[in-house]
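Okay, here's what each chain looks like letter by letter:
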Amino acid sequence: MVKRNINEWKRHRVQALWTLLTNSYLTGFLQGKIYRGNLKKICLPGLNCYSCPGAIGACPIGAMQAVIGSWNFKFAFYVAGFLMFMGAVTGRFVCGWLCPFGLIQDLLHKIPFPKKITTFPGDKPLRKLKYVVLVLFVILLPMFLVDILGQGAPYFCKFICPAGTLEGGLPLVLLNKSMHSAIGWLYAWKNLLLFVTIIISLFIYRPFCKYICPLGAIYSVFNPVSVFRYRVDKNKCTDCEACAKACKMQVNPAENANDLECIRCGACKKACPVKAIR
Amino acid sequence: MSRLFRSPSAGICIAVIGLLMMGLGIYRGEMAIVFEKAINICMECIGIG
């Protein structure tokens with residue numbers, strides 16, 4: 001148990017450092033503005049709203065919707081290529097180590113709660129929901145539900161993403177009095193979704209990553225083929241299931257070390273008493 | 001087939017294809033769309049638009 005906690009805090013330090021590094025435009029937080037420099041052309045690997053006052057890069061999911069929804073492009077080669085590259089090299093390592101919203105959920109889950117739920121009836125089928133969200137809200141709706149100019153809105157950001165509300169919506173509205181009068185039902189809806197996500201994160205580990213996140217859905221398909229992935233030495237493995245018990249994403253690495261749900265957090269590696277997972 | 005996917009070469013091939021796609025996207029001018037969207041406050045993203 002102690003061993004697992006040490007490993008987790010090492011990971012949280014990396015997550016925090018990355019979050020600070022990629023949200024280092026501190027002036028934005030003081031003035032209620034966002035960074036407008038050249039780095040904003042570059043996608044960040046994790047779910048990091050580009051309207052966060054500190055963000056120095058672009059959110060890949062927001063960027064993908066922006067390109068797909070533009071009047072002149074209907075496929076986002078730049079963003080899709082970036083996600084393919086990241087996924088092919090690391091799989092869902094980004095989810096476990098480089099996603100600011102993943103860090104927030106990790107920390108929320110550490111808050112003591114009367115009963116932590118590991119799984120429930122319908123858990124497995126519900127995990128497929130993130131693929132529906134990806135196809136429907138990130139690709140199809142921005143592509144086909146367009147205005148008179150042929151431009152589609154970023155429907156995932158607009159109606160679902162709680163990261164945008166937390167990282168962009170709340171600080172910008174708090175820091176800009178001019179925005180106060182513009183808030184309406186959509187702002188209330190998004191804050192409600194954020195509130196629900198926060199509450200559920202207290203008793204379910206990473207609910208947004210498990211059930212909703214389209215970025216996790218994209219990276220997950222590369223888990224089985226990524227260059228850096230887990231390998232289980234079947235000669236060493238004793239089937240004690242210590243790895244499965246340590247996994248908060250409810251993966252059994254002894255059965256499938258590169259399950260679509262694995263976020264490469266390393267808990268299974270630390271838990272293995274015979275060091276069978278590499 | 002499954003052996004092919006288990007080898008690191010599959011991941012390397014996909015990573016190279018990803019890099020080529022990035023290059024194509026940059027050549028087509030997609031980066032400008034991303035930049036334009038990212039440097040302006042996205043009203044939809046923050047729940048106002």
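No experiment lies behind these values; they were computed from the predicted model shown.

(A) Representation of the state of the cysteines in the model. Throughout the structure, instances matching the rule amount to one disulfide over all chains. Covalently, Cys 42 of chain B is tied to Cys 45 of chain B through a disulfide, its sulfur atoms 2.2 Å apart. Measuring handedness by torsion sign, the sulfur bridge of Cys 42 of chain B and Cys 45 of chain B sits at about 75° and is right-handed. As a non-bridged cysteine, Cys 213 of chain A has Cys 209 of chain A as the owner of its nearest cysteine sulfur, 6.0 Å distant. With no disulfide of its own, Cys 265 of chain A has Cys 247 of chain A as its nearest cysteine by sulfur position, at a separation of 6.1 Å.

(B) Molecular detail of the domain arrangement of chain A. All names here are of chain A. Each domain of chain A was delimited in the assignment, giving domain 1 (2-226) and domain 2 (230-278). Between the C-alpha centres of domain 1 and domain 2 the distance comes to 27 Å. Counting from both sides, the interface comprises 26 residues of domain 1 and, opposite them, 17 residues of domain 2. For the domain 1 and domain 2 pair, buried surface summed over both sides reaches about 1,900 Å², with 49% attributable to carbon and sulfur atoms. Inspection of the domain 1/domain 2 interface yields four salt bridges. Counting across the interface, domain 1 meets domain 2 through 16 residue pairs in polar contact (both at pLDDT 80 or more). No other element matches the five residues that helix H1 (residues 2-22) contributes to the side of domain 1 that touches domain 2. For the side of domain 1 that touches domain 2, the residue count by class is seven nonpolar, eight polar and 11 charged.

About the thresholds
- Residues numbered from 1 in each chain as written.
- Chains lettered and ligands numbered in written order.
- Predicted model: local features only at pLDDT ≥ 70, side-chain atom pairs only at ≥ 80, totals over all residues.
- Heavy atoms only, no water.
- Disulfide = S-S within 2.5 Å.
- Domains from an automatic or database assignment.
- Contact = heavy atoms within 4.5 Å.
- Buried area = accessible area lost by both parts, 1.4 Å probe.
- Salt bridge = Lys/Arg side-chain N within 4 Å of Asp/Glu carboxyl O.
- Polar contact = N/O pair within 3.5 Å; in protein donor to acceptor, adjacent residues only side chain to side chain.
- Helix = DSSP H or I, 4+ residues; strand = E, 2+ residues; numbered from the N terminus.
- Nonpolar A, V, L, I, M, F, W, Y, C, P; charged D, E, K, R; others polar.

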